[in-house]
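# Breakdown of the fold
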Amino acid sequence: MKVPFQDLQAHHAPMREEILLAINEVIDSGDFSGGGFVEKFENDFGGYCGARHAIGVGSGTDALWLTLTALGVGPGDEVITVPMTFIATAESISMTGAKPVFIDVDEKTYTMNPSALEAAINSRTKAIVPVHLFGQPAEMDEILGIAREYGIPVIEDASQAHGAEYKGRKAGTLADAGCFSFYPGKNLGAMGEGGAVVTNHEPLAEKLRTRRNHGQSGKNNHTVVGWNSRMDGIQAAVLSVKLRYLDSGNKKRRSHAVTYNKGFELCEEIAIPVESEDSVHVYHVYAIRIRERVRMIEDLANQGIGCGIHYPVPVHLQKAYTGLGHKKGDFPVSERCADQFVSLPVFPELSVRQIDSVIRTVMQCSRSLSIV
Ligand SMILES: *Cc1c(COP(=O)(O)O)cnc(C)c1O
């Protein structure tokens with residue numbers, strides 16, 4: 001039985017009519033760039049997260065970069081983040097002119113290891129960017145505790161964690177600002193590119209609104225050097241519709257994760273994801289770890305089952321970052337994870353039979369591995 005890694009067609013089928021109506025409204029209004037539909041989505045998404053402000057922008061990468069810039073991060077500064085993430089987290093830091101400083105992730109949660117944080121802080125540290133990898137919030141109390149002691153702002157990369165919770169609060173609202181991506185495959189995805197920043201700080205929100213629109217505060221009055229990262233009206237209108245389906249999608253992802261966990265429970269070769277007591281994980285990615293993954297990936301492919309690796313090369317070992325002078329062994333947990341991760345299909349519309357077929361294939365393969 002074929003199982004794709006992702007099925008956006010199935011995801012959009014039940015909402016298609018609503019989405020077409022929403023797009024028609026945008027066409028009729030002509031509000032294609034910024035405007036009423038963007039304001040509506042900002043209200044919807046800010047309300048959903050429980051944040052006072054949401055600022056729609058062009059992408060998740062822009063959300064991170066604009067937030068860092070608005071906080072005054074620039075050349076000569078350092079920003080602490082993790083190497084086990086999508087490269088955009090580091091890129092957004094580099095594009096401000098600052099240097100990304102990596103610390104390793106925790107072996108269980110795959111998020112920033114707070115015990116490595118203090119040693120990485122110095123007088124040049126201007127921000128800390130934990131990543132809620134795969135949809136599980138980082139250990140924010142520990143991270144914020146240290147950050148507050150040094151007066152350093154914390155920006156959450158919540159691009160994989162729409163609707164995730166930490167101690168009863170939504171990801172994105174746990175620190176000074178939260179950055180989201182609405183790339184189509186994310187738990188809340190646009191039909192194109194999009195991103196948003198949520199924050200409770202009015203001055204930061206104002207700076208972001210100015211900077212995403214050419215530094216403009218009032219027509220033809222450019223008070224700072226900004227950029228064009230306006231959200232577009234069609235994406236905003238689509239996202240307002242899709243936001244209403246986010247919780248039910250996340251619930252299904254969580255239920256698929258429980259089914260997978262049960263299926264793999266007795267298999268010693270497989271490490272299943274660990275959900276911390278403090279968090280509600282939304283499984284943007286369901287990743288297992290296995291020492292010999294080459295055979296497993298082959299077997300899955302032979303059965304027509306899509307899988308992925310998030311991410312096969314940690315950012316500090318990417319060619320783009322050779323300039324930072326890192327070498328293999330610098331962040332052993334991230335490197336081990338990069339060698340062992342296999343992401344299995346976990347999109348909401350998966351059927352019970354599809355999940356069973358994935359479990360059966362993975363278990364057959366791991367049994368044969370353990371016999372060898
Ligand atoms: C997707 C993603 C981004 C970037 O978002 P874009 O909208 O593609 O620019 C940043 N960080 C993480 C962790 C992501 O998964």
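Here the residue numbering is sequential within each chain, running from 1 through the sequence in written order. Totals for whole chains, interfaces and linings use all residues, but because this is a predicted model, local features are given only for residues with pLDDT of at least 70 and pairs of side-chain atoms are given and counted only at 80 or more. With hydrogens and water set aside, each side-chain value is computed from the structure's full complement of heavy atoms.

### A few points about the pattern of salt bridges
The term salt bridge refers to a side-chain nitrogen of Lys or Arg lying within 4 Å of a carboxyl oxygen of Asp or Glu. Summed over all chains, the structure comprises 13 salt bridges. In this structure, K327 engages D330 in a salt bridge whose closest nitrogen and oxygen atoms are separated by 2.9 Å. For K327, a relative accessible area of 54% gives the class exposed. Here the salt bridges share partners, and the residues they tie into one network are E107, R289 and R336. We call a residue buried when its accessible area falls under 20% of the maximum for its residue type, exposed when it is over 50%, and partly exposed in between, using a 1.4 Å probe and counting protein chains only.

### Considering the nonpolar core
Buried residues of nine kinds, namely Ala, Val, Leu, Ile, Met, Phe, Trp, Tyr and Cys, make up a nonpolar core once their side-chain atoms join them within 4.5 Å. Among the nonpolar cores identified, the biggest contains 33 residues, and I80, M84, L117, I128, M140, I143 and V154 are the most heavily contacted of them. Runs of H or I in DSSP of at least four residues are treated as helices and runs of E of at least two as strands, each being numbered from the N terminus. At the level of secondary structure, the elements contributing two or more residues to this core comprise α6 (117-120), α7 (140-150) and α12 (332-340). Membership of the second largest hydrophobic core comes to 32 residues, among which are I23, V26, A190 and V282.

### Considerations on the packing of helix α3 (residues 36-49) against helix α9 (residues 233-243)
Axis separation between α3 and α9 bottoms out at 8 Å; the angle between their running directions is 35°. Crossing handedness for the pair α3 and α9: left-handed. In contact with F37, V38, K40, F41, D44, F45 and Y48 of α3, α9 contributes G233, A236, A237, L239, S240 and L243. For this classification, Asp, Glu, Lys and Arg are treated as charged, while Ala, Val, Leu, Ile, Met, Phe, Trp, Tyr, Cys and Pro are nonpolar and the rest, including Gly, are polar. Tallied by class, the residues present in the contact of α3 with α9 amount to nine nonpolar, two polar and two charged. Axis geometry follows a simple rule: fit a line to the C-alpha atoms, using only the stretch in contact for helices, then measure angles between N-to-C directions, giving values from 0 to 180 degrees. In this scheme the handedness of a crossing depends on how the near helix is turned from the far one: anticlockwise by less than a right angle means left-handed, clockwise means right-handed. Whether two residues are in contact is decided by their heavy atoms: any pair within 4.5 Å suffices.

### Description of the sheet that holds strand β6 (residues 165-166)
When DSSP finds at least two bridges between two strands, those strands are taken to pair. Spatially, three strands are ordered β7-β6-β11 in an open sheet, and the strand pairing comes out antiparallel. Strand pairing shows two members of the sheet lacking a second neighbour, β7 (169-170) and β11 (279-280), which therefore form its edges. As judged from the two bridges shared by β6 and β11, these two strands associate in the antiparallel manner. The residue bridging Y166 from the neighbouring strand is S279, located in β11.

### Observations concerning the site of the ligand
Residues are labelled near a given molecule or strand when at least one of their non-hydrogen atoms is within 4 Å of it. Near the ligand you find 14 residues, and of these G60, T61, D157, S181 and K186 are the closest. Between an oxygen atom of the ligand and a side-chain N or O atom of T61, the distance comes to 2.4 Å. N or O atoms within 3.5 Å of each other form a polar contact, as long as, within protein, one can give a hydrogen and the other can take it, and as long as residues adjacent in sequence are counted only when both atoms are side-chain atoms. At 2.8 Å, a side-chain N or O of D157 approaches a nitrogen atom of the ligand. Elements with a minimum of two residues in the shell around the ligand: α4 (60-70) and α5 (88-94). Broken down by class, the residue content of the shell around the ligand amounts to three nonpolar, nine polar and two charged.

### Observations concerning the confidence of the model for the chain
The predicted model of the chain has a mean per-residue pLDDT of 97, with 99% of residues at 70 or higher. In the model of the chain, helix α13 (residues 352-371) stands out as the element of lowest mean pLDDT, 89, in contrast to strand β2 (residues 78-81), which has the highest, 99. Predictor confidence is given residue by residue as pLDDT, running from a minimum of 0 to a maximum of 100.

### Structural notes on the state of the cysteines
Working definition: a disulfide is two cysteine sulfur atoms within 2.5 Å of each other. On inspection of all chains with the given rule, the structure shows zero disulfides. Free cysteine: C337, not disulfide-bonded; nearest cysteine sulfur from C307 at 17 Å.

### Side note on the environment of V101
For V101, the position within the fold is in strand β3 (residues 99-102). Classification of V101 as buried rests on a relative accessible area of 16%. Put simply, V101 and P83 are 18 residues apart on the chain and 8.9 Å apart in space, counted from C-alpha to C-alpha. Leave out the neighbours within four places in its chain, and V101 touches E78, V79, I80, T81 and A120.

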